Amino acid sequence: MSNETIKMTSGEYVPIEMHKVRVVQKLNLLPIEKRLKAIEDAGYNTFLLQNRDVFMDMLTDSGTNAMSDRQIASMMIADDAYAGSESFNRLQEAVEEVLGTEYFLPAHQGRAAEHIISQAFIKKGDIVPMNFHFTTTKAHVELAGGKVVELFTNDALEIRSDKPFKGNMDIGKLKDLIKTVGKDKIPYIRMEAGTNLIGGQPFSVENMRAVRKVADENGILIVLDISLVCENMYFIKMREPEFMDKSPAEILRALCDLADIIYFSARKISCSRGGGIATKNRDLYLRMRDLIPLFEGFLTYGGISVREIESMAVGLREATDWNVIRHSPEFIKYLVDSLDAKGIPVITPAGGLGAHLDARGFLPHLTSFDYPAGALAAALYIVSGVRGMERGTISMDRDEQGNDVPSEVELLRLAFPRRVFTLSQVKYAEDRIEWLWKNRELIGGLKFTEEPKVLRFFVGRLAPTTDWPQKLLAKFREDFGDSL
């Protein structure tokens, strides 16, 4: 199996879609005046925009990936039995085949799986080391009485870099933490395959082997989040010499075999809905089993539609198809490399999940307390209709004293749902980002007008600190005339 992309006679790098589009959904591109009104109505929070007002929805890949024809076909044979469903049996067979685990617990989505794991294993005062946190993961750990400690490497937060595995865990820091707090205070080590909040950066199999060695020496479990493992597998195959000749299925099994508990959001890994927890260990399975009927549903559906269970089974197998998993990373690389060549600050090397604009580099005149990533997300929507996601200080919660906690990085994430966008749409986004970069001094800050205490980035409402959105609109009309 070749790792190389298809080459053009010109030498230009162009990602090629290894699929054809058979079903389409209409898009709508509003005039800029209506886009400004839409973001005002949404409290300058892209999560609160109505989809009818969005042209390119790059908010997330969660539940927005395109399903395959085989997935859609599989939904027609769903067995809707409350208990003992044949659909669940087919899913369990797929989980065992792809992940190599005997025991499986369904949950309605990835954060539900996090909730079950946290409630089953964490007690008050526990410490959970991670290569990097995810927002809902951190919230569930803290809800259970624990604390997250991030043990990322020193190069993880570098904006411009050629380091291939910025998602690695720092083994020295892990050893020091265990020595400091004691192994009995650590219920498990969590590894996230494709660190969401620092640019979708992967970790290597070599690094996870090192984590496994430390875990075994101290009798500590490893919990592996494989929601974004497809992209992580892609980078392992492209960048880790030992695995360049291995199949995606072999790489995935190598990762899963190093974990005690595996969980995932099917909205990401299998382009379907739902989630689940998998393990080879019956005792670990039993510690979690009774929480599923309490919080999710019976053990053979876990709150998931049986139609989605059928599509999940097919999607898990497709998650080891090279032409499926390469699509998003190669489109992301195309946009990242194009923006980087123009001097626009982006996270490099290109990671998985999406292209990540460095809002601190884009808007150096704003501080973290001006919420630059949120301001950049709002500004990009105004000038383009492209909806991205703030991954910065707005995505942090305040400390116990009520103070804002500056994020380590301020990123605007432009997610690439699998098999959704065309290259012309990506080039449109690139054009509007370039124009915004040239007019970046017009962008001002944001302030909260309605602020939830937990996960405020989902439903919090903000307002601009000046009239900068109106100035941005005026400059757009000056440069583009009556163009959308």
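Residues numbered from 1 in each chain as written. Predicted model: local features only at pLDDT ≥ 70, side-chain atom pairs only at ≥ 80, totals over all residues. Heavy atoms only, no water.

S.K.: Help me out: how do you make sense of the overall build of the protein chain in this one?
M.R.: Helices and strands together make up the secondary structure of the protein chain, namely 20 helices and 14 strands. Against the 2.2 N^0.38 benchmark of 23 Å for 484 residues, the protein chain shows a C-alpha radius of gyration of 22 Å, consistent with a compact globule. Here the protein chain, with 484 residues, has 59% of them falling under the buried criterion. Within the protein chain, contacts between residues separated by at least 24 positions form 74% of all contacts whose residues are at least 6 apart in sequence. Just so you have it, the protein chain exposes about 19,600 Å², and 51% of that area is on carbon and sulfur atoms. Across the protein chain, 61 positive and 68 negative side-chain charges occur, with their mean positions spaced 1 Å apart. (Helix = DSSP H or I, 4+ residues; strand = E, 2+ residues; numbered from the N terminus. Rg over C-alpha atoms; globule rule 2.2 N^0.38 Å. Buried < 20%, exposed > 50% of the residue type's maximum accessible area, 1.4 Å probe, protein only. Contact = heavy atoms within 4.5 Å. Areas by Shrake-Rupley, 256 points an atom, 1.4 Å probe, with all protein chains shown as cover. Lys, Arg positive; Asp, Glu negative; His and termini not counted. Charge placed at Lys NZ, Arg CZ, Asp CG, Glu CD.)

S.K.: Is there a simple way to explain the packing of helix α1 (residues 32–41) against helix α17 (residues 372–384) in this structure?
M.R.: The relative placement of two packed helices is expressed as an angle between their axes plus a distance between the axes. Interhelical geometry of α1 versus α17 gives an angle of 150° and a closest axis separation of 7 Å. Relative to α17, α1 is oriented roughly antiparallel. Residues I32, R35, L36, A38 and I39 of α1 form the contact with α17, whose own contacting residues are A378, Y381, I382, V383 and S384. Broken down by class, the residue content of the contact of α1 with α17 amounts to 8 nonpolar, 1 polar and 1 charged. (Axes fitted to C-alpha atoms, helices over the stretch in contact; angles between N-to-C directions. Parallel < 35°, antiparallel > 145°, perpendicular 65-115°, else oblique. Nonpolar A, V, L, I, M, F, W, Y, C, P; charged D, E, K, R; others polar.)

S.K.: Sorry, what's going on with unusual backbone geometry here?
M.R.: As a rule of thumb, non-glycine residues mostly have phi less than zero, and peptide bonds are mostly trans rather than cis. The omega torsion across T348 and P349 is -5°, close enough to zero to call that bond cis. On the secondary structure map, P349 appears in the loop between α15 (327–341) and β9 (354–358). Here C271, not a glycine, exhibits a phi torsion of approximately 55°, which is positive. Its location among the elements puts C271 in the loop between α10 (266–269) and β8 (275–279). Within the chain, Y371 stands out as a residue other than glycine whose phi angle is a positive 55°.

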